[in-house]
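Given next are the chains, with one letter for each unit.
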Amino acid sequence: MTETAIKLERVTKAFTSYDGQQIVILNQLDLTIKVGEFVAIVGESGSGKSTLLNIIALLDKNYQGHYQLMGQEVSRLSDSELSRLRKEKVGFIFQDFLLMPNLTVRENVALQSEYLDKGERKQANQEYVDYLLDQVGLTDKQNQYPRQLSGGQKQRVAIARALLNRPAIIFADEPTGALDEDTSETIMKLLKTFNQKGHTLVMVTHDLHLADQADRKLLVVNQNIKEVKKDADLP
């Protein structure tokens, strides 16, 4: 039986507005994603797709319901336990890059390795930094700083950083939003290569062409999700 990477059961996310009204974003949501799948999450702006991504990527624990990541119940974990699980299992590609402005491209990519690794493994990861910089086309920019890069180049740094520790699950929030068409194609090929090696890939995107490249396309609508055919027109 195929192993389950992500399983949500009856997950509800809500907040209280300034005038005291409860605003429900996700309501009694169930979701299962298998190990090795490539799943695209789509939906209108404000539908809750980024909220859902933040929950399953362990960035938001303020929800009701149950969540298992790689068979482990995470809804009751402490902040430190969630942080460790993120470092061990998750790579996240942020829409807004979140690069360290005082670090070079190479240092930004290697940052996670600096935190986690020592000795021979650290050296091996430095070699892997070289590989990733080559794959995203930034070898010649490795000694530059974020302020010297275009938006597309910053996103490619963020993607390489997210892939450094070979995460079991890669979460991507609009990973090609700042990229031109040719660079977007290169990045998607890279992400799909990692997916084909067994990494689960979950991507939020507004680009339906990219979504159609996924194994499954999930539409966030009416506080829940529904699966749609990859080539189907969205409502």
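In what follows, the structure referred to is the one given above.
Keep in mind that what you see is a predicted model, and the values were worked out from it rather than measured.

A. Region of the structure containing the pattern of salt bridges. Tallied over the entire structure, the rule returns nine salt bridges. Residues Lys13 and Asp60 are paired through a salt bridge, measuring 2.9 Å at the closest nitrogen-oxygen approach. A residue pair is termed long-range when its members are at least 10 positions apart, and Lys13 in strand S1 (residues 4-16) and Asp60 in the loop between helix H1 (49-56) and strand S4 (64-69) qualify at 47 residues. Just as Lys13 is buried, Asp60 falls in that class too.

B. Expanded view of the environment of Ala158. Among the secondary structure elements, Ala158 is positioned in helix H5 (residues 151-163). Under the relative-accessibility criterion, Ala158 is labelled buried at 0%. For the pair formed by Ala158 and Pro175, sequence separation is 17 residues and the distance between their alpha carbons is 8.9 Å. Among residues more than four places away in sequence, those in contact with Ala158 are Phe97 and Leu99.

C. Seen up close, the pairing of strand S9 (residues 216-221). With five of its six residues buried, S9 lies for the most part within the structure. When strand S3 (residues 38-42) meets S9, the two strands line up parallel, connected through four bridges. Directly across from Val42, in S9, lies its bridge partner Leu219. Relative to strand S10 (residues 224-228), S9 is paired through five bridges, and the arrangement is antiparallel. Among the inter-strand pairings, Lys217 is bridged to a residue of S10, identified as Val228. Adjacent in sequence and paired antiparallel, S9 and S10 are bridged by two residues, among which Asn222 carries a positive phi angle near 55 degrees.

Reading the values: rules and limits
- Residues numbered from 1 in each chain as written.
- Predicted model: local features only at pLDDT ≥ 70, side-chain atom pairs only at ≥ 80, totals over all residues.
- Heavy atoms only, no water.
- Salt bridge = Lys/Arg side-chain N within 4 Å of Asp/Glu carboxyl O.
- Helix = DSSP H or I, 4+ residues; strand = E, 2+ residues; numbered from the N terminus.
- Buried < 20%, exposed > 50% of the residue type's maximum accessible area, 1.4 Å probe, protein only.
- Contact = heavy atoms within 4.5 Å.
- Pairing = 2+ DSSP bridges.

Distances and angles like these do not, on their own, reveal function.
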